[in-house]
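# Breakdown of the fold
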Amino acid sequence: MKKKKTTTERYTLADLENWREAAGDVDPPIRLGVFGDPVAHSLSPQIQNAALKQCDIDMQYARFHIRANELRSALRFLRELDFIGINLTVPHKIAGFEQLDEADNRAMRAGAVNTIRLRDKKLIGSNTDGEGFVRAIRSEFSVDVRDLRVMLIGAGGGTGHTIAWQCALENCERLALVNRTLEKANALAKRLGPFFAGPRVFGPAPRLEVVPWDEVALRAQLAHVDLIVNATPLGMNPSDPSPIPARLLAPHHIVFDTVYGPSRTSFLRAADEAGGRGANGLSMLLHQGALSFSIWFDREAPIDAMRAALAL
Ligand code: NAP
């Protein structure tokens, strides 16, 4: 049989179930990928395939459109396949954690996983989003998270949990947690409390706070915040509103949108309008992807080749 050189745009659960039929003739073979819904936007294949090529590793990384109710089956099928590992993206990071056989400290702390390595049919989970976030903030804004007062929007999600934990570990100046479902932010704050018990503060506001997502509460908080992070999917659709309207933002604000796409998100446009600085999630994608590559192959990732693939 003639080998196919290219992969399908997106594989599905049915393809995973019949993997030999769906992709057995793809060359180089698919041994890595990302599960998500939506997933068409993901640029992970771009950076990981550039890294594989640069390192002369004869395999490919593909996209898998896996819905929330399909994740358990998808991971069950994956155990039986000859895969190196997988990334999980929206909305699977928290649900995926429950399916792991083992997890490292990063995944355990956040209760969320973005990188799975397969070993003897076991799923070993890690999380590279936190460190990827810190590196992205440093490279985009030449500042360290530990020196910032951070507002995190979307604190109830897998990425939000991970970024919140990373901010705590970095000992950032203060952390304001915002989430559509307030109870989830409250539960997270309870666990993070001890990290913020120390006296490191340069103002009257408490170091750790849960903030309702309403204009009055946000306005009061934003006077005591430097960095505002969007860890919700708002912005993935061009018609999405900005998580915070431009009228509440000020020129001193640094806005980091974990969402990335071909056009500037509504949140970044709001930052522009307010005279603040902003960056999208491409650099976080790059750094978390490089860390995932190192987990899978136990070697340093060729970050320049990965960056070039994103034209950053
Ligand atoms: P997730 O686990 O599904 O979490 C979604 C979070 O967003 C929750 O806090 C949820 O609030 C909130 N949310 C969802 N829809 C909302 C809406 N319409 N209005 C307000 N809040 C809403 O997803 P995730 O995996 O953390 O991913 C979140 C985003 O981060 C995605 O856009 C993803 O692309 C991005 N991301 C980017 C990178 C990167 O490298 N650049 C890495 C990781 C993630 P509730 O708790 O109330 O449901």
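Above this text sits the structure in question.
Residues numbered from 1 in each chain as written. Predicted model: local features only at pLDDT ≥ 70, side-chain atom pairs only at ≥ 80, totals over all residues. Heavy atoms only, no water.

## Regarding the side chain of Ser126
- You can see Ser126 is positioned in strand 7 (residues 122-126).
- Sequence-distant contacts of Ser126, that is, excluding residues within four places in its chain, are made with Asp104, Ala107, Val113, Asn114, Thr115 and Ile295. (Helix = DSSP H or I, 4+ residues; strand = E, 2+ residues; numbered from the N terminus. Contact = heavy atoms within 4.5 Å.)

## Quick look at empty space enclosed by the protein
- Within this structure, the stated rule accounts for one cavity of 30 Å³ or more.
- Roughly 60 Å³ of volume is contained in the largest cavity.
- The wall of the largest cavity is formed by Arg106, Arg109, Ala110, Asn127, Gly130, Thr162, Trp165, Gln166 and Leu169.
- When contributions to the lining of the largest cavity are tallied by element, the ones reaching two or more residues are helix 6 (105-110) and helix 8 (158-170).
- Among the elements that make up the lining of the largest cavity, the one with the highest residue count is helix 8 (four residues).
- Its residues placed into classes, the lining of the largest cavity shows three nonpolar, four polar and two charged.
- Looking at which domains feed residues into the lining of the largest cavity, each of domain 1 (10-127) and domain 2 (141-281) supplies at least three. (1 Å grid on protein atoms, 1.4 Å probe; cavity = no way out; pocket = protein on both sides within 12 Å on 5 of 7 lines; lining within 4 Å. Points joined across faces, edges and corners; volume = space filled by probe spheres on them. Nonpolar A, V, L, I, M, F, W, Y, C, P; charged D, E, K, R; others polar. Domains from an automatic or database assignment.)

## Notes on the layout of surface pockets
- Taken as a whole, the largest pocket spans an internal volume of roughly 970 Å³.
- Looking at the lining of the largest pocket, the elements that each hand over two or more residues are strand 4 (85-88), helix 5 (93-98), helix 8 and helix 12 (282-297).
- A per-class count over the lining of the largest pocket returns 14 nonpolar, 19 polar and four charged.
- Both of domain 1 (10-127) and domain 2 (141-281) provide at least three residues apiece to the lining of the largest pocket.

Such coordinate-based values are descriptive only and should not be taken to indicate function.
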